[in-house]
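# A structural walkthrough
Read off the chains here:
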Amino acid sequence: MIKHYILSLNPTAKHEWDRCILREPLTAKRPDIAKLVAEVVGTDAGNYLVSVNIEVKVLEQTVATQTEQLTLNFAEVNEKPHLREVA
C-alpha cells in the first residue's frame, strides 16, 4: 500500500505538536498510522507482531517564506509631486 502525505516541519513553532505535522494532501487530516496498519492486518481479534517499512521519497519541497518587516518613511509618502502646468 502506497500512501502520500504532506510533511510540514517548523522547528520554531510555538507548540511542540506543531513542529512536525503529517497530513493527507486532499483532506489535510492527520493520518492514524495504527488504523492504516490494522486495515492491512484484517479484522480478526488478537495480537499481531507486524513489520512496517516506511520508505520516504521527497517528491517536492516548498520553502517556507519568512515575512519581512519593511520600514516606510511617511515623509516620502506624504510628499505631493510637483506638477507643471502645460500651456
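In this report, the structure presented in the accompanying data block is examined. (Residues numbered from 1 in each chain as written. Predicted model: local features only at pLDDT ≥ 70, side-chain atom pairs only at ≥ 80, totals over all residues. Heavy atoms only, no water.)

## Some remarks on the pattern of salt bridges
Stated precisely, the cut-off is as follows: Basic side-chain nitrogens of Lys or Arg form a salt bridge, by our definition, when they fall within 4 Å of a carboxyl oxygen of Asp or Glu. Helical segments are the DSSP runs of H or I of at least four residues, strand segments are the runs of E of at least two, and each set is numbered from the N terminus. Burial status follows relative accessibility: with a 1.4 Å probe on protein chains alone, a residue under 20% of its type maximum counts as buried, one over 50% as exposed, and anything between as partly exposed.
All chains considered together, the criterion is met by three salt bridges. Measuring nitrogen to oxygen at the nearest pair gives 2.8 Å for the salt bridge that ties Glu 16 to Arg 19. Here Asp 18 makes a salt bridge to Arg 30, at a shortest N to O gap of 3.9 Å. Linking Asp 18 in the loop between strand 1 (6–9) and strand 2 (20–23) with Arg 30 in the loop between strand 2 and helix 1 (33–41), this pair joins segments that are 12 residues apart in sequence. Overall, Asp 18 belongs to the partly exposed group, its relative accessible area being 29%.

## Description of the layout of surface pockets
Note the following rule: Cavity and pocket criteria rest on a 1 Å grid covering protein atoms alone: a 1.4 Å probe that fits but cannot get out defines a cavity, protein on both sides within 12 Å along at least 5 of 7 lines defines an open pocket, and an atom within 4 Å of a point defines a lining residue. Grid points are joined across faces, edges and corners, and a volume is the space filled by probe spheres set on the points.
Roughly 1,600 Å³ of volume is contained in the largest pocket. For the largest pocket, the lining is made up of 31 residues, of which Lys 3, His 4, Tyr 5, Glu 55 and Val 56 are closest to its centre. Ranked by residue count, the leading element in the lining of the largest pocket is helix 1, at five residues.

## Regarding unusual backbone geometry
The backbone phi angle of Ala 28 is positive, close to 65°, even though this residue is not glycine. Tracing the sequence through the fold places Ala 28 in the loop between strand 2 and helix 1. In this structure Ala 28 comes out as partly exposed when scored by relative accessible area, which is 39%.

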